[in-house]
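Notes for the structure review
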Amino acid sequence: VQLVESGGGLVQPGGSLRLSCAASGFTFSSYGMSWYRQAPGKERELVASISSAGGSTNYADSVKGRFTISRDNAKNTVYLQMNSLKPEDMAVYYCKAVPKAGLAPRTNYWGQGTQVTVSS
């Protein structure tokens, strides 16, 4: 099983980035997907999540209206479009796979993370 994030980097405040998380080794379409982030000295926090079929999304209040989560089940990939980036968005971003209800075993998977730096 692998979750490989990409797309992080350095961006100026107000800029945009699109993160990708490519999945392999499990049935991607049977898993809800989430993006989390962790800034230095802070706990990991949920940023956005999307249901297995993509019909339902949720966002942290701090990113609503600026970030968009999406998925392409044909490509086994989940995305996070981040617009109007702020310095407080700077963190390591992780993707997480959670099996949908009724699926066994109940094993979650994490990626290794990608760094997002927002600075002028």
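Quick look at the structure, then.

**Let's talk about the state of the cysteines**
- Evaluated as defined, the whole model comprises 1 disulfide.
- Between the sulfur of Cys21 and that of Cys95 lies a disulfide, 2.0 Å long from S to S. Around the S-S axis, the bridge from Cys21 to Cys95 shows a dihedral of about 50 degrees and counts as right-handed. One end of the pair, Cys21, is in strand β3 (residues 17-24); the other, Cys95, is in strand β9 (residues 91-99), and 74 residues separate them in sequence. Each member of the pair, Cys21 together with Cys95, is buried.

**Focus: the environment of Glu45**
- Considering the arrangement of structural elements, one finds Glu45 in strand β5 (residues 45-50).
- In this structure the C-alpha to C-alpha distance between Glu45 and Trp35, which are 10 residues apart in sequence, comes to 8.7 Å.
- Apart from the residues lying within four places of it in its own chain, the contact partners of Glu45 are Trp35, Tyr36 and Arg37.
- Within polar-contact distance, the side chain of Glu45 engages the side chain of Arg37 at 2.7 Å.

**Structural notes on the side chain of Arg37**
- In this structure, Arg37 sits in strand β4 (residues 31-38).
- The exposure class of Arg37 is buried, given its relative accessible area of 6%.
- Polar contacts involving the side chain of Arg37 include one to the side chain of Ser62, which spans 3.4 Å.
- Within the structure, the side chain of Arg37 is placed 2.9 Å from the side chain of Asp89, a separation counted as a polar contact.
- Aside from chain neighbours lying at most four places away, what touches Arg37 is Glu43, Arg44, Glu45, Val47, Ser62, Val63, Phe67, Glu88, Asp89, Ala91, Val92 and Tyr93.

**Structural notes on unusual backbone geometry**
- In the Ramachandran plot, Asn76 falls in the positive-phi region, its phi being about 55 degrees despite a non-glycine side chain.
- Backbone geometry places Ser84, a non-glycine residue, at a positive phi of 50 degrees.
- Residue position: Ser84 is located in the loop between β8 (77-82) and β9.
- Classification of Ser84 as partly exposed rests on a relative accessible area of 40%.

Conventions used here
- Residues numbered from 1 in each chain as written.
- Predicted model: local features only at pLDDT ≥ 70, side-chain atom pairs only at ≥ 80, totals over all residues.
- Heavy atoms only, no water.
- Disulfide = S-S within 2.5 Å.
- Helix = DSSP H or I, 4+ residues; strand = E, 2+ residues; numbered from the N terminus.
- Buried < 20%, exposed > 50% of the residue type's maximum accessible area, 1.4 Å probe, protein only.
- Contact = heavy atoms within 4.5 Å.
- Polar contact = N/O pair within 3.5 Å; in protein donor to acceptor, adjacent residues only side chain to side chain.

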